[in-house]
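If you want the building blocks of each chain, they are given just below.
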Amino acid sequence: MAKKNSAPNNSKPATVHDQKATRGNGGELHQIAEGDTPVLTTAQGGPVADDQNSLRAGERGPTLIEDFHFREKIFHFDHERIPERVVHARGYGAHGFFETYESLAAYTRADVFQRPGERTPAFVRFSTVAGSKGSFDLARDVRGFAVKIYTKEGNWDLVGNNIPVFFIQDAIKFPDVIHSVKPEPDREFPQAQSAHDNFWDFISLTPESMHMIMWVMSDRAIPRSFRFMEGFGVHSFRFVNAKDESTFVKFHWKPKLGLQSVAWNEAVKINGADPDFHRRDLWQAIQSGNFPEWDLHVQLFDQDFADKFDFDILDPTKIIPEEVLPTKPVGRLVLDRMPDNFFADTEQVAFMTQNVPPGIDFSDDPLLQGRNFSYLDTQLKRLGSPNFTHLPINAPKCPFQHFQQDGHMAMRNPVGRVNYQPNSWGEGPRESPTKGFRHFASQEQGPKVRIRAESFADHYSQARLFFISQTPPEQRHIADALTFELSKVQTPVIRERMVAHLLNIDETLGKKVGHALGLQTMPKPAEAAVPTRQDLDPSPALSIIERGPKRFEGRKLGILATDGADAALLDAITAAVTQEKAAFEIIAPKVGGFTASDGKWIEAHQMLDGGPSVLYDAVVLLPSAEAVTDLIDVATARDFVADAFAHCKYIGYVAAAVPLLERAGIADSLDEGTIEFTDAGGAAAFLKELGKLRVWAREPSVKLR
Ligand code: HDE
């Protein structure tokens, strides 16, 4: 049975005692205890008398090598770290389940898709790609969206990203693209940034990355929360049914609460204010019972469609627009439990693209083919033993039986005489041509060559498609992001080379970035192998704003309040937030709290300095007329307001807050997003407005970047 999570502040730390009790090998459980308190032991189970002082010769003398407790403790500590992932090092995971909506038996024999309503356990790890394990959450980067579904026919790993295309078309280029984005090897900086020469040098020399670059320079790369982003399997896969017929499939995860991103100016500030912004968000949502949810959509198509489609469906730098081939919801993913231990699950989980159950198969996408080699290989390096499947997070939840044995840290050891087959003892498992995995028997032939198919040659048309599908604010953000990133490139020729590519994608975009960078002469558009298609219809499904939420549900309101704050209004606002299934935090000059207008003491969640408005989706200013005179002199209070306004957020305020609006320099610019409360009655209507999240009409005047 799943263990219930306890609240963070009353969770009992795991002790050696718990481990002995739960993982004992069946012998008599004999707890050494002093009264109710279990006695600390060594890893060998020996009781410890003193854990504060090492054993030494004389009061001030040297430590003795005989101190086995000290040596064991330090030895284990010295070996606590395992290598971080070579990419996607920083991640955060959660448990949950996948629920099938309808039988897909016509397309696939995969057991997980047979019975409507059936739930299958799942584990998800979200990640950034370039930064190391200790980097910050809001780097401009792709997000990993890796899902492990523990089906009755073995683990299915859908190791995806929040962007449906990739930088390169062939896995052989993966070390190059990753080397280029990681810190430069002579100086080991910058950390978790693509804004440097090596990255843009590689990209500007790699036209196939142009489509991906448009996504990475868009707000997709700075999501507001893991909960509000899409996930994509990227490659074309195959479904294979019981008759061994194949249908191509692309997988999409769509968040129930809609898409949302932050602005770059916010991202930079969030990284300082709360480097764990995304993991804290997921933790809080799950601990408070607001379980994040995504629908799994599929795009299904046959060889005929593939042959007629404008681009090669094996090319991972291309999408099939939803307007061309609609997606169909086939199930949902719900995350409802945090791991009890981060290392055990999130750090040790081993995703592998090659983990597919019967009924799901690969296409010949050269990136996917290469990945199928890499993921097994990397687990041995990272987890140190071929027995990584013995770790509970990686072990299948269905029965399994095979003759693999021994190796480092073997936890599941076969019993009995038989460890091979065929055997004469009539024991042990045998393969099954009917129940087992049958690779789809696609027809393959051709000379052995190192070649890139000509059908992969159009690198600009879909980059353009992405750009023209964005709303005006989103297009501005792409131009600003490109300008910012290239402004950090110190070698002018790299900047020019990039602008030359942009001119091929969209002339206005190229010129805008070129001018913003201060190029003295505009380069010629880069030479393209095939002309960029101007005739593709925009795909509104590619815009975050078009796919935004309808309500404020799942978002967070920051309420800046002081002594004397209007108690009735505060009550009404917090009640409306709760009704909307959103969250709020009260920010006050002192974290202990304040006395509201009715004399009641209200505890704050954040001290003003620790709760800048960038951490919230909308804010309310609720000072009293007396307290506001102090507040206007405080820089963080002025920043709170000025930033909320500059980031196009909704701001609710009371008349007493007007001096603060004035000192923050926005009193003369109030608009439909700055809403004054005259009484507590306005709270519900205010909350309704917040569903729009941002006042985009304000953006040109505040020049949000
Ligand atoms: Fe990965 N990738 N990747 N990748 N990838 C890894 O495996 C690799 C690619 C993705 O949370 C590594 O266990 C190659 C595309 C995610 O644990 C490694 C290529 C997509 C995660 C690896 C790609 C991804 C990884 C490093 C080019 C989106 C994190 C640690 C052919 C569809 C999984 C590990 C987690 C991790 C190799 C490209 C997604 C080295 C060779 C495209 C979400 O095996």
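Residues numbered from 1 in each chain as written. Predicted model: local features only at pLDDT ≥ 70, side-chain atom pairs only at ≥ 80, totals over all residues. Heavy atoms only, no water.

Caption draft 1: Representation of the overall build of the protein chain. Looking only at helices and strands, the protein chain features 20 helices and 20 strands. Relative to a compact globule of 705 residues, whose C-alpha radius of gyration would be 27 Å, the protein chain shows 28 Å and is just as compact. The principal-axis extent of the C-alpha atoms belonging to the protein chain is close to 90 × 80 × 55 Å. Out of the 705 residues in the protein chain, the part that is buried amounts to 50%. Taking all contacts inside the protein chain whose residues are at least 6 apart in sequence as the whole, residues at least 24 apart take part in 73%. When the accessible surface of the protein chain is summed, it comes to about 34,100 Å², and 53% of that surface belongs to carbon and sulfur atoms. (Helix = DSSP H or I, 4+ residues; strand = E, 2+ residues; numbered from the N terminus. Rg over C-alpha atoms; globule rule 2.2 N^0.38 Å. Buried < 20%, exposed > 50% of the residue type's maximum accessible area, 1.4 Å probe, protein only. Contact = heavy atoms within 4.5 Å. Areas by Shrake-Rupley, 256 points an atom, 1.4 Å probe, with all protein chains shown as cover.)

Caption draft 2: Quick look at the coordination of the iron atom of the ligand. Protein coordination of the iron atom of the ligand rests on one atom only, Tyr375 (OH), at 1.9 Å. Along the chain, Tyr375 turns up in helix H10 (residues 366-383). (Donors = N, O, S within 2.8 Å, 3.2 Å for Na, K, Ca; no water.)

Caption draft 3: Broad picture of the site of the ligand. Lining the immediate surroundings of the ligand are 22 residues, of which Arg85, Arg125, Arg371, Ser374 and Tyr375 lie closest. Separating an oxygen atom of the ligand from a side-chain N or O atom of Arg125 is a distance of 2.6 Å. Interatomic distance of 3.4 Å between a side-chain N/O atom of Arg371 and a nitrogen atom of the ligand. Those elements that provide at least two residues to the shell around the ligand are strand E5 (143-151), strand E6 (154-161) and H10. For the shell around the ligand, the element with the highest residue contribution is H10, accounting for 6 residues. Counted by class, the shell around the ligand contains 11 nonpolar, 8 polar and 3 charged residues. (Near = heavy atom within 4 Å. Polar contact = N/O pair within 3.5 Å; in protein donor to acceptor, adjacent residues only side chain to side chain. Nonpolar A, V, L, I, M, F, W, Y, C, P; charged D, E, K, R; others polar.)

Caption draft 4: Spatial organisation of helix H19 (residues 683-690). Within H19, burial applies to Ala683, Phe686, Leu687 and Leu690. The arc that holds the buried residues of H19, viewed along the axis, is 100°, so those residues lie on one side. (Arc of directions from axis to C-beta.)

Caption draft 5: Representation of the pairing of strand E3 (residues 91-100). Within E3, 10 of the 10 residues are buried, which leaves it mostly tucked inside the rest of the structure. What you see with E3 is no split at all: Gly91, Gly93, His95, Phe97 and Glu99 on one side and Tyr92, Ala94, Gly96, Phe98 and Thr100 on the other are buried throughout. Pairing geometry for E3 and strand E4 (residues 119-128), over 9 bridges, is antiparallel. In the sheet register, Tyr92 faces E4, and the bridge partner there is Phe126. (Pairing = 2+ DSSP bridges.)

Caption draft 6: Layout of the sheet that holds strand E18 (residues 618-622). Taken in spatial order, the 6 strands of this open sheet run E17-E14-E13-E18-E19-E20, and their pairing is parallel. The sheet is open, and its two edges are formed by strand E17 (606-607) and strand E20 (674-676), each paired on a single side. Bridge count for strand E13 (residues 556-561) against E18 is 5 bridges, and the pairing is parallel. If you follow Leu557 over to E18, its bridge partner there is Ala618.

Caption draft 7: Fine view of the packing of helix H12 (residues 472-487) against helix H14 (residues 507-516). With their axes 9 Å apart at the nearest point, H12 and H14 run at an angle of 40° to one another. Judged by the angle between their axes, H12 and H14 are oblique. Of the two elements, H12 crosses H14, and the hand of that crossing is right-handed. Contact with H12, carried on its side by Arg476, Ala479, Leu482, Thr483 and Leu486, involves Leu509, Lys512, Val513 and Ala516 of H14 and no other residues of that element. (Axes fitted to C-alpha atoms, helices over the stretch in contact; angles between N-to-C directions. Parallel < 35°, antiparallel > 145°, perpendicular 65-115°, else oblique. Left-handed = near helix turned anticlockwise from the far one by under 90°.)

Caption draft 8: The arrangement of the pattern of salt bridges in detail. This structure, assessed with the given rule, holds 50 salt bridges. Note that Asp281 and Arg227 form a salt bridge whose closest N and O atoms lie 2.7 Å from each other. Here Asp281, found in helix H7 (residues 277-287), pairs with Arg227, found in the loop between helix H5 (210-216) and strand E7 (231-232); they are 54 residues apart in sequence, far enough to count as distant. The buried category is assigned to Asp281, whose relative accessible area is 9%. Across the pair Arg694 and Glu266 runs a salt bridge whose closest N-O atoms are separated by 2.9 Å. Of this pair, Arg694 sits in the loop between H19 and helix H20 (699-702) while Glu266 sits in helix H6 (residues 264-273), and the two are 428 residues apart along the sequence. On the accessibility criterion, Arg694 (10% relative accessible area) is buried. Linked through salt bridges whose partners overlap, the residues forming this network are Glu99, Arg119, Lys256, Glu293, Asp295 and Arg332. (Salt bridge = Lys/Arg side-chain N within 4 Å of Asp/Glu carboxyl O.)

Caption draft 9: View of helix H13 (residues 492-505). The terminal C-alpha atoms of H13 lie 20 Å apart, and with 14 residues this matches the ideal 20 Å at 1.5 Å per residue to within 8%. Turning to H13, its buried residues are Ile494, Met498, Val499, Ala500, His501, Leu502, Leu503, Asn504 and Ile505. Packed against the buried residues of H13 are helix H4 (197-204), H5, helix H11 (461-468), H12 and H14. (Expected span 1.5 Å × (residues − 1).)

Caption draft 10: View of the domain arrangement of the protein chain. Partitioning the protein chain into structural domains gives domain 1 (8-78), domain 2 (91-168 + 217-390) and domain 3 (556-702). Each of domain 1 and domain 2 was reduced to a C-alpha centroid, and the two centroids are 41 Å apart. (Domains from an automatic or database assignment.)

Caption draft 11: Local environment of the packing of aromatic side chains. The tally for this structure, following the rule as stated, stands at 25 aromatic pairs. Counting every residue linked through ring pairs, the aromatic cluster contains Phe98, Phe113, Phe126, Phe145, Trp156, Phe226, Phe237, Phe239, Phe251, Trp253 and Trp294. A cation sits over an aromatic face here: Lys397 above Tyr150, 4.3 Å from the ring centre. In this arrangement the basic side chain of Arg555 is found over the ring face of Phe228, its NZ or CZ atom lying 3.6 Å from the centre. (Phe/Tyr/Trp six-rings, centres within 6.5 Å; stacked < 30°, edge-to-face > 60°. Lys NZ or Arg CZ within 6 Å of the ring centre and 35° of its normal.)

Caption draft 12: The side chain of Gln169, seen in detail. By the element assignment, Gln169 lies in the loop between E6 and helix H3 (174-181). Residue classification places Gln169 among the buried positions, given a relative accessible area of 0%. Here Thr317 takes part through its side chain, which lies 3.5 Å from a polar atom of the side chain of Gln169. Polar contacts involving the side chain of Gln169 include one to the side chain of Arg452, which spans 2.8 Å. With sequence-adjacent residues up to four places away left out, Gln169 is seen in contact with Glu208, Asp315, Pro316, Thr317, Lys318, Pro366, Leu367, Arg452, Phe456 and His459.

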